[in-house]
Every structure is written in C-alpha cells, then in structure tokens.
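Coordinate analysis (summary)
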Amino acid sequence: MTDAELLRSLGVDPAQLEPAPPWAPRQRAGAERLDGSHPCVRCGEPARATGVVTVPGHDRRWLDRCMPCLITTTPRGGPHPSLADTLAVLRQAAHEAGVDLTIVADKS
C-alpha cells in the first residue's frame, strides 16, 4: 500500500498534515512530537505514534496516530485468504469448541 493509498483509506487529506523535516533529523523530531500535543488523524486522541508519509504534490508529511488506530490501520503484508477459506476456519473452530455457529455472509 502506498502512502497515498494509506491516507485515502484513513480519509485524510495530505494537505491537512503538518510538513515533516528532511530525512536526517526525523527520528529526533518524531520523538519530540509524541508529547501529547498532536492528535491522532483518525480519532483525535493524543498521538502515541508518528511517521512520515510522502505524497506527490505534498512532499513529506507527519502522520500522527494513537496506538489503537495505528494497530487497526497498519497494512498487513502477505496474501489475504479467500472468504470461503476464512469461513471454513471459523466453522472448524466453532465445531472444535462445541459451539453452534451461524455465519451470514454476502458471498460464500
């Protein structure tokens, strides 16, 4: 996922993000940003994680997120299983746990 795609998935306009410094002082500047004064771009809570995104036409920008939003919005690598495979795993887990399970899905 590109930085532009990440921002699009978060519903964030890169023009609204603060400009980030050049590569060299980024680590120190990033640590200084985590003082609680910068809100998470997704939910508005104090940011506990920050990074830099580069979007054409906007150069380098800070992307500040709280930990729950960071975890839920960090792209995971690797192939995604099909819906059928995911449902099969859920059915098997329910069977092994002795739980009655009804799954409602748009596709099977």
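Structure's up top.
A few points on the structure. All values reported here derive from a predicted model rather than from experimental measurement. (Residues numbered from 1 in each chain as written. Predicted model: local features only at pLDDT ≥ 70, side-chain atom pairs only at ≥ 80, totals over all residues. Heavy atoms only, no water.)

1. Section: the pairing of strand β2 (residues 59-65)
Burial runs high along β2: six of the seven residues are buried. Relative to β2, strand β1 (residues 49-55) is paired through seven bridges, and the arrangement is antiparallel. The residue of β2 that forms the bridge with A49 is R65. Joining the antiparallel neighbours β1 and β2 is a turn of three residues, in which G57 adopts a positive phi near 90°. (Buried < 20%, exposed > 50% of the residue type's maximum accessible area, 1.4 Å probe, protein only. Helix = DSSP H or I, 4+ residues; strand = E, 2+ residues; numbered from the N terminus. Pairing = 2+ DSSP bridges.)

2. Quick word on the environment of M1
With respect to the helices, strands and loops of the structure, M1 is situated in the segment before α1 (3-10). Taking C-alpha positions, M1 is 13 Å from P79, a pair spaced 78 residues apart along the chain. If we ignore the near neighbours within four places in the chain, the residues touching M1 are L6, S9 and P75. (Contact = heavy atoms within 4.5 Å.)

3. A short note on the state of the cysteines
Tallied over the entire structure, the rule returns zero disulfides. The cysteine C66 is free of any disulfide, with C69 supplying the nearest cysteine sulfur at 3.6 Å. (Disulfide = S-S within 2.5 Å.)

4. A look at the side chain of T73
Relative to the helices and strands, T73 is located in helix α3 (residues 67-73). A polar contact of 2.6 Å, which involves the side chain of T73, links it to the side chain of R65. Excluding anything up to four places from it in sequence, T73 contacts L6, L10, R42 and R65. (Polar contact = N/O pair within 3.5 Å; in protein donor to acceptor, adjacent residues only side chain to side chain.)

5. Remarks on unusual backbone geometry
In this structure, D59 takes a positive phi of about 55° despite not being glycine. In this structure, D59 sits in strand β2. D59 gets classed as exposed once you look at its relative accessible area, which sits at 60%.

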